[in-house]
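# Secondary and tertiary structure notes
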Amino acid sequence: MNLLPLNIDSLQLGQPLPFVLRGASGAVLAHKGYVIRTRAELDALVRRGVDLCVDTDESGDSHRAYLAQLQRMLLSQKPLGQIASMQIAATAQAASAAPGQVLPDWSELQLHATQLLRSPQRSDFGARFTALHTSLAQRCRQTPDASLLALVYLSAQETDLYSATHGLLVACVGMVVARATLQWSEAQVLRVGSAALSMNIAMTGLQDQLAQQAAPLDMQQIAAVESHALRSEGLLRELGVNDPVWLEAVRLHHHRSPGPLAAKSEAQQLARLLQRTDIFAARMAPRAARAPMPVTAAMQACYYDESQQVDEAGAAIVKTLGIYPPGAFVRLASHEVGVVLKRGATATTPRVAVLLNREGLPTGEMIPRDTAQAAWKITGAVAQRDVRVNLSLDRLLAMV
């Protein structure tokens, strides 16, 4: 038995416990699935057990979530006192999933990507990168809407693990667009994912630092940013990558080269899609110095090229994701505010889950809306900072 203190505030009243609840001595206070309905009942359990604990050997998903949270704090260099005082939370991925449904652990994927890209080693880079890429590619192929929702949602609030999260989002959008709209071969689709995940490998640590830096970049930082594409290509070669298209796409992913895709080489086409997707994803993400842009502004930024003409790759992104992609916050004709769950039949009619009622108050339970109906038509985008509701990503994904 390996007991770990439980954060009592994380226990959800009225919800089945996702694990056995134990006292400090190991005695069972409540079995898995037991429903604590009132605060008084919870206080009575605390008095019986002094400290509420869980056995990590039997807690499954909740223990894994705890370890992921601990690892995130270590990677983001939180104070040691804050890390030491962290307690396991009584939330389990399976608790919000439909019966028989297993929700993918996106936080774990973020951590794997960050660890790999911050400290790549030639001895195991190939195997670890392939595992990461395969996992992401499989999710994007099998559940594209859920994958887009998860990564847009995470990107809009992530600063500690910004670089890897950004790469995951660019890779996901790029692969979905390449497959659904550009109709590239499967080999090309997978190359999009490889290049997107690795395009910033030479500046992963710096990119994470800059996301939390309010001051302007100094000269050394500017030089590192401007040279990172070439340095990333060189580092990938050192790590054993020998795919010439992948490497050239990484080197060119910041080149400004408008014009028809058909007039470009395969690597140039791939690089152009990455460049447009990179712009979209960067506009959606927060920085210490600025808030994320509304989704409509991010879409517009990738839709028009450097000459203010419609860009072919940018237009493919908008066509594939819609004006309001999964993860975007929107206002409806009913004056309700919700989050986009899934793309719809047209670019402006996605499926939405309402979070705020017409008075601007939280709805408690998320209410699905079909925005193809006039009563719930989308009237505009809403900035995430204006939606002050604590959301569970797993609950959102379970509704897709």
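Now for a description of the structure that goes with this document.

## Remarks on a nonpolar patch on the surface
- A surface patch of nonpolar side chains, about 290 Å² in accessible area, is lined by L217, M219 and I222.
- If you trace the backbone, I222 turns up in helix α10 (residues 219-226).
- For I222, a relative accessible area of 31% corresponds to the partly exposed category.

## Examining the pairing of strand β8 (residues 362-370)
- In terms of strand pairing, strand β7 (residues 351-356) meets β8 through 5 bridges, oriented antiparallel. Each residue of the ladder has a partner; that of V352, found in β8, is R369.
- What sits between the antiparallel neighbours β7 and β8 is a turn of 5 residues, in which G360 has the positive phi angle 85°.

## Considerations on the environment of L149
- Positionally, L149 belongs in helix α6 (residues 144-155).
- Every residue in contact with L149, bar those within four places of it in the chain, is listed here: P326, G327, V340, L341, L396, L397 and V400.

## A closer look at unusual backbone geometry
- For Q308, which is not a glycine, the phi torsion comes out positive at approximately 60°.
- In this fold, Q308 is placed in the loop between α14 (295-303) and α15 (312-321).
- Its relative accessible area of 59% is what places Q308 among the exposed residues.
- Residues other than glycine seldom take positive phi values, yet H335 does so here, at roughly 70°.
- One can find H335 in the loop between β5 (329-332) and β6 (337-342).

## Brief notes about helix α11 (residues 228-238)
- Every buried residue of α11 is accounted for by H228, A229, S232, E233 and L236. Along the long axis of α11, the arc covered by the buried residues comes to 140°, so they all point the same way. Relative to its buried face, α11 has exposed residues pointing more than 90 degrees away, namely L230 and E238.
- In the segment just after α11, G240 is the residue with positive phi, at about 105°.

## Observations concerning the sheet that holds β6
- Strand order in the open sheet formed by 5 strands is β8-β7-β6-β5-β9, with antiparallel pairing between adjacent strands. One side of each edge strand has no neighbouring strand; the edge strands of this open sheet are β8 and β9 (378-381). Here the average twist between neighbouring strands, direction ignored, is 35°.

## Focus: the packing of helix α8 (residues 186-198) against helix α13 (residues 266-284)
- At a minimum axis separation of 10 Å, α8 and α13 run at an interaxial angle of 55°. Our classification of the angle between α8 and α13 gives oblique. Here α8 runs over α13; the crossing is right-handed. In contact with Q188, R191, V192, A195 and A196 of α8, α13 contributes E266, L270, L273 and L274.
- Looking at the contact of α8 with α13, its residues break down into 6 nonpolar, 1 polar and 2 charged.

## Brief notes about the nonpolar core
- If you look at the biggest cluster of nonpolar residues, it comprises 87 residues, and the most contacted ones within it are W106, L136 and L273.
- The leading source of residues in this core is helix α7 (residues 162-180), at 11 residues.
- Beyond its immediate chain neighbours, meaning those up to four positions away, L273 contacts G174, V177, A178, L182, W184, V192, A313 and I317.
- If you look at the next biggest cluster of nonpolar residues, it comprises 11 residues, including L6, L29, L45 and V54.

## Observations regarding the side chain of D208
- Mapping D208 onto the fold places it in helix α9 (residues 204-211).
- In this structure the side chain of D208 is engaged in a polar contact, spanning 3.1 Å, whose partner is the backbone nitrogen of Y162.
- Here D208 is in contact with R118, T159, D160, L161, Y162 and S163, once residues within four sequence places are set aside.

## Some words on the packing of aromatic side chains
- If you walk through the whole model with that rule in mind, you get 3 aromatic pairs.
- When the ring centre of W106 is taken as origin, the NZ or CZ atom of R139, which lies over that ring, is 4.6 Å away.

## Focus on the environment of G327
- Position of G327 among the secondary structure elements: in the loop between α15 and β5.
- Between the C-alpha atoms of G327 and V339, which are 12 residues apart in sequence, the distance is 6.0 Å.
- Leaving out residues up to four positions away in the same chain, G327 has contacts with L149, V152, V339 and V340.

## Details of the packing of helix α5 (residues 125-142) against α7
- Close contact between α5 and α7 brings their axes to 10 Å; oriented N to C, the two are set at 50°. Looking at the two axes, α5 sits oblique to α7. At the point where α5 passes α7, the crossing takes the right-handed sense. Counting all contacts with α5, which are made through L132, H133, L136, A137, C140 and R141, the residues of α7 involved are L168, A171, C172, M175, V176 and R179.
- Class assignment for the residues of the contact of α5 with α7 results in 9 nonpolar, 1 polar and 2 charged.

## Quick word on the environment of H228
- Relative to the helices and strands, H228 is located in helix α11.
- Sequence spacing of H228 and M199 is 29 residues, and the spatial spacing of their C-alpha atoms is 8.4 Å.
- Ignoring anything within four residues of it in the chain, the contact list for H228 reads M199, N200, A202, M203, H253 and H254.
- Within the structure, the side chain of H228 is placed 2.9 Å from the side chain of N200, a separation counted as a polar contact.
- Side-chain polar atoms of H228 contact the side chain of H254, separated by 3.5 Å.

What counts and how
- Residues numbered from 1 in each chain as written.
- Predicted model: local features only at pLDDT ≥ 70, side-chain atom pairs only at ≥ 80, totals over all residues.
- Heavy atoms only, no water.
- Patch = residues over 30% accessible without salt bridge, like charges linked within 9 Å, V, L, I, M, F, W, Y side chains within 5 Å.
- Areas by Shrake-Rupley, 256 points an atom, 1.4 Å probe, with all protein chains shown as cover.
- Salt bridge = Lys/Arg side-chain N within 4 Å of Asp/Glu carboxyl O.
- Helix = DSSP H or I, 4+ residues; strand = E, 2+ residues; numbered from the N terminus.
- Buried < 20%, exposed > 50% of the residue type's maximum accessible area, 1.4 Å probe, protein only.
- Pairing = 2+ DSSP bridges.
- Contact = heavy atoms within 4.5 Å.
- Arc of directions from axis to C-beta.
- Axes fitted to C-alpha atoms, helices over the stretch in contact; angles between N-to-C directions.
- Parallel < 35°, antiparallel > 145°, perpendicular 65-115°, else oblique.
- Left-handed = near helix turned anticlockwise from the far one by under 90°.
- Nonpolar A, V, L, I, M, F, W, Y, C, P; charged D, E, K, R; others polar.
- Core = buried A, V, L, I, M, F, W, Y, C linked by side-chain atoms within 4.5 Å.
- Polar contact = N/O pair within 3.5 Å; in protein donor to acceptor, adjacent residues only side chain to side chain.
- Phe/Tyr/Trp six-rings, centres within 6.5 Å; stacked < 30°, edge-to-face > 60°.
- Lys NZ or Arg CZ within 6 Å of the ring centre and 35° of its normal.

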